[in-house]
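The primary structure of each chain is shown beneath.
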Amino acid sequence: MSTSLQLAARAIHDAQYLLFTAGAGMGVDSGLPDFRGTEGFWRAYPPFQRLGLQFQEVANPRWFISDPQLAWGFYGHRYNLYRATTPHAGFAILKRWADAKDARVFTSNVDGHFQRSGFSEEQVCEVHGSLLHLQCVRPCSNAIWDAGNLKIDIDETTFRTRGELPKCPNCGGLARPNVLMFGDSKWRSERSDEQLNALDAWAGNIPPRQLAVIEMGAGNAVPTVRHFSESMKSQGATLIRINVRESFGPAGTISIDLGAKEALQSIDELLNTG
Ligand SMILES: [Zn+2]
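Residues numbered from 1 in each chain as written. Predicted model: local features only at pLDDT ≥ 70, side-chain atom pairs only at ≥ 80, totals over all residues. Heavy atoms only, no water.

## Digging into the coordination of the zinc ion
For a metal with four tetrahedral donors the ideal donor-metal-donor angle is 109.5 degrees, whereas six octahedral donors ideally subtend 90 or 180 degrees.
No. 1: The zinc ion binds to the protein through C136 (SG), C140 (SG), C168 (SG) and C171 (SG), with metal-donor distances spanning 2.3 Å.
No. 2: Around the zinc ion, the 4 donor atoms are arranged such that angles at the metal cover 104 to 114°; this shape is classified as tetrahedral.
No. 3: Site description for the zinc ion: donor spacing in sequence, C-x3-C-x27-C-x2-C. With C140 in the loop between β4 (129-136) and β5 (144-146) and C171 in the loop between β7 (160-162) and β8 (175-179), this pair connects stretches of sequence that are 31 residues apart. (Donors = N, O, S within 2.8 Å, 3.2 Å for Na, K, Ca; no water. Tetrahedral: all angles 85-135°; square planar, octahedral: opposite > 155°, others 65-115°. Helix = DSSP H or I, 4+ residues; strand = E, 2+ residues; numbered from the N terminus.)

Given below as structure tokens:
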């Protein structure tokens, strides 16, 4: 393990460019629930266990049409939780590294925690959207807007909302988070597409061998982030994969079997003492 950490510190030290890629495991150290497996989801959201609904069934756009109070109960609770939660110490370490190099972020997380940690909008690609942004449920247009300071009142025993729900400013119908859900043909991808184009342009302009990719908490269940990291590696970048359970990767991957926060703190210590 110490060898992997040393290799990672060396790669980050030597790189001119850094790409941070993050999946659900990144948020766990901040105290956010892990939806992996039915048990993890039901532990965080007991009312859905009583309804017999799994994460894949709840994270579905059809509820915004058939039962808006239930849909917004789930997403509103997550919105409130993400806003009330402080990103863990690993985020500040990444921000410090980013300030010393040229760095970008690719994440499947929808919590906005990289921006909360000081990364600029231009640095971040949120490939599955953002819970801090809204769109029309229908949708009546391709508009995506900042959720601002939503007040979603949720009954903690039923996870259903009370009172007003966010509206589309254009048609007056119900609004929903601009997050890619399961079986979601109504998600407006324009914001994420733009971010991805900007990231591709950045990556296309740098020598891959001077790029270190630091991947954190990205599992195989939804492999979008792992694939992106590996595509950078196949072009010549160094891949550091931090993952408690699934740190394996293509030949040459620097695998670190730790949580994101602990791994980043250990690497940072080596960088500061090395
Ligand atoms: Zn609308």
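## What to know about the sheet that holds β4
No. 1: Reading across the sheet, the 3 strands line up as β5-β4-β8 and stay open at both edges, with antiparallel pairing between neighbours. The sheet is open, and its two edges are formed by β5 and β8, each paired on a single side. For this sheet, the mean angle separating the axes of adjacent strands, direction not counted, is 50°.
No. 2: Here 3 bridges tie β4 to β5, and the two strands are oriented antiparallel to one another. Across the sheet, residue H133 finds its bridge partner in β5, namely D146.
No. 3: This element, helix α7 (residues 68-84), spans β4 and β8 of the sheet and lies at about 140° to β4.
No. 4: Packed onto the sheet, helix α10 (residues 190-204) meets β4, β5 and β8 and runs at close to 135° relative to β4. (Pairing = 2+ DSSP bridges. Axes fitted to C-alpha atoms, helices over the stretch in contact; angles between N-to-C directions. Contact = heavy atoms within 4.5 Å.)

## Focus on the pattern of salt bridges
Pairs may arise between side chains of opposite charge once their charged atoms sit close together.
No. 1: Applying the stated criterion across every chain, the model contains 15 salt bridges.
No. 2: We note a salt bridge from K95 to D99, for which the minimum N-O separation is 2.8 Å. Note that K95 and D99 are positioned in helix α8 (residues 89-100) at a spacing of 4 residues, about one turn of the helix.
No. 3: For K95, a relative accessible area of 19% translates into the label buried.
No. 4: Between K167 and E164 there is a salt bridge, with its nearest N and O atoms 3.9 Å apart.
No. 5: Residue classification places E164 among the exposed positions, given a relative accessible area of 66%.
No. 6: Each of E121, E126 and R191 takes part in salt bridges that share partners, so that together they form one network. (Salt bridge = Lys/Arg side-chain N within 4 Å of Asp/Glu carboxyl O. Buried < 20%, exposed > 50% of the residue type's maximum accessible area, 1.4 Å probe, protein only.)

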